[in-house]
Amino acid sequence: MSLNTLVLGLQWGDEGKGKIVDALSEQIHAVCRFQGGHNAGHTIKVNGQQTVLHLCPSGALHPKVQCVIGNGVVLSLEALAKELKGLEDLGVTFENRMHISNACSLILPSHIGIDKARDKKESIGTTGRGIGPAYEDKVARRAVRFGDLGDSKVLKEKVTTLVNYHNKVLENLYNAEPFSIEKILLELDSFKYLYDNYSSDVQDIIYKWSKEGHSILFEGAQGSLLDIDHGTYPYVTSSNTTAGGVSTGIGVGPKFIDKIVGISKAYTTRVGEGPFLTELFDDNAEMLAKRGHEFGATTGRPRRCGWLDLVALKKAIFLNSVTDLCLTKLDVLDSFNSIDACIEYDNSGNPVYKTFPGWMSKTEGINDFNNLPENAKSYISFIEDFIGCSASIISTGPSREQTIYLD
Ligand code: IMP
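Bear in mind that the values here come from a model prediction, so they are computed numbers and not experimental data. (Residues numbered from 1 in each chain as written. Predicted model: local features only at pLDDT ≥ 70, side-chain atom pairs only at ≥ 80, totals over all residues. Heavy atoms only, no water.)

1. Points about the packing of helix 3 (residues 109–121) against helix 5 (residues 152–173)
Then step 1. Where helix 3 meets helix 5, the axes come as close as 10 Å, and the angle between the chain directions of the two elements is 20°. Comparing their axes, helix 5 and helix 3 come out roughly parallel. Read as a crossing pair, helix 3 and helix 5 show a hand that is left-handed. Contact residues: S110, H111, G113, I114, A117 and K121 in helix 3; L162, V163, H166, V169, L170 and L173 in helix 5. (Axes fitted to C-alpha atoms, helices over the stretch in contact; angles between N-to-C directions. Helix = DSSP H or I, 4+ residues; strand = E, 2+ residues; numbered from the N terminus. Parallel < 35°, antiparallel > 145°, perpendicular 65-115°, else oblique. Left-handed = near helix turned anticlockwise from the far one by under 90°. Contact = heavy atoms within 4.5 Å.)

2. What to know about the domain arrangement of the chain
Then step 1. The domain boundaries assigned to the chain delineate domain 1 (5–101 + 199–259), domain 2 (105–193) and domain 3 (263–405).
Then step 2. Here the C-alpha centre of domain 2 lies 23 Å away from the C-alpha centre of domain 1.
Then step 3. Each partner contributes to the interface: domain 1 provides 23 residues, whereas domain 2 provides 18 residues.
Then step 4. Taking both sides of the interface into account, the surface hidden between domain 1 and domain 2 amounts to around 1700 Å²; carbon and sulfur atoms contribute 68%.
Then step 5. On the domain 1 side of the contact with domain 2, H38, V74 and L77 bury the most area, a combined 35% of that side's loss. (Domains from an automatic or database assignment. Buried area = accessible area lost by both parts, 1.4 Å probe.)

3. Brief notes about unusual backbone geometry
Then step 1. For the bond running from Y233 to P234, omega is 5°, close enough to zero to count as cis.
Then step 2. With respect to the secondary-structure elements, P234 resides in the loop between strand 10 (216–223) and helix 9 (244–251).
Then step 3. Positive phi, normally seen in glycine, also occurs at M360, with a value near 45°.

4. Some points on the sheet that holds strand 16 (residues 338–345)
Then step 1. Here 3 strands make up an open sheet; going across it, the order is 14-16-17 and the pairing mixed. Looking at which strands have only one partner, the edges of the open sheet turn out to be strand 14 (308–309) and strand 17 (351–357).
Then step 2. Where strand 16 meets strand 17, 7 bridges bridge the pair, whose relative direction is antiparallel. Looking at the pairing, I339 lines up with F356 of strand 17.
Then step 3. Running over the sheet, helix 11 (residues 310–319) touches strand 14 and strand 16 and is turned about 65° from strand 16. (Pairing = 2+ DSSP bridges.)

5. Structural notes on the pairing of strand 16
Then step 1. Taken together, the 2 bridges between strand 14 and strand 16 define a ladder with parallel strand orientation. Residue pairing in the sheet places L308 in a bridge with A341 of strand 16.
Then step 2. The antiparallel pairing of strand 16 with strand 17 creates a hairpin that spans 5 residues between the two strands, and G349 there sits at a positive phi of about 85°.

6. A word on the sheet that holds strand 15 (residues 324–328)
Each strand in a sheet pairs with its neighbour through backbone hydrogen bonds, running either in the same direction (parallel) or in the opposite one (antiparallel).
Then step 1. The strand order across the open sheet formed by 10 strands is 9-7-5-2-10-1-11-15-18-19, and the pairing between neighbours is mixed. Edge positions in the sheet fall to strand 9 (199–200) and strand 19 (403–405), since each has one partner strand and no second.
Then step 2. Sheet analysis places strand 5 (residues 66–69) next to strand 7 (residues 98–101), joined by 3 bridges and oriented parallel. Note on strand 7: the bridge partner recorded for C67 is M98.

Structure representation (structure tokens):
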């Protein structure tokens, strides 16, 4: 029986979606990205080898899994070409299994120029990948889209208009260098093979697979608290990272999804600027960062670290209609004497914590729930009760095998 699953992050991204999507992909026909762009960094570790994917769906490492990039994604052809080449060098091939929507808005070098120039002035701490400016152009109906690569005349007209506009913004607002339209057109021409090989009517294909009884997995990027509408605005990314993003970013109705797996770390991290109520600035922060290797997979920036915020998590469970919780990086807490989790905010908006005894023993690599220390089981059980959602997956390390499946 087919089972369509959505996997998404419940915090500020970096929850470990890549590993979980990769693990679930074994039973799946296709994995689809539906929002974001190469600001994402999904890390997968297989047989000791680590791969970071930015644009390719995390099912890519399974040779039979179909890969889909939906219209909701903003696409840098340069980043995609580089990523595909890197994977091909590892022996991963994409012939007849990569499908990219013609309606994807393209990220041009001038989007990156604007993103960087603007972030210098109004710091959000973006990844500097041109994501925000590309989504702006999409909504303003002036974007160049993947399908435009199929008509060189249309492409030239659209790129000329758009880059002229970008250059005005760059020169007049940010006192920054303009971009050469000719160079951008030449670059786009060098990536035309991506259009020739992978351009697709994504909605049609999904419909066909669905009719054939195949299971499809939708892979969120970033996390719920970075959602453009529901996140910590304006310190957010520019797409809908929450469950609704699948419908618009691929073209399926909400009822198409059977299972919604929400991923949260056993603590919290955030990259970039913006509020973070449970952020720590003491030795505990350092220990979380060190044990959890908390450096951005895309930018290498150190991540801010803090305790789990159960109030925010509960909200994210509702926001996404999560059916299954996946708790990751439990092992990072192995050497803490005690562990805090925020259970409410006081009148001044500060976190109120409940303290749990640590387990002070190794959970890394455990793949049977019964073998977890009692204190770890109690911590998980409190989380489940508080948020009103059971954990189906618990991750105890970066590798595929270091996973507990409860359902
Ligand atoms: P942008 O998506 O590059 O525009 O960045 C906007 C905000 O989202 C910044 O705070 C980034 O650090 C954050 N962000 C974007 N992508 C990711 C991600 O994949 N993981 C974590 N944070 C992200």
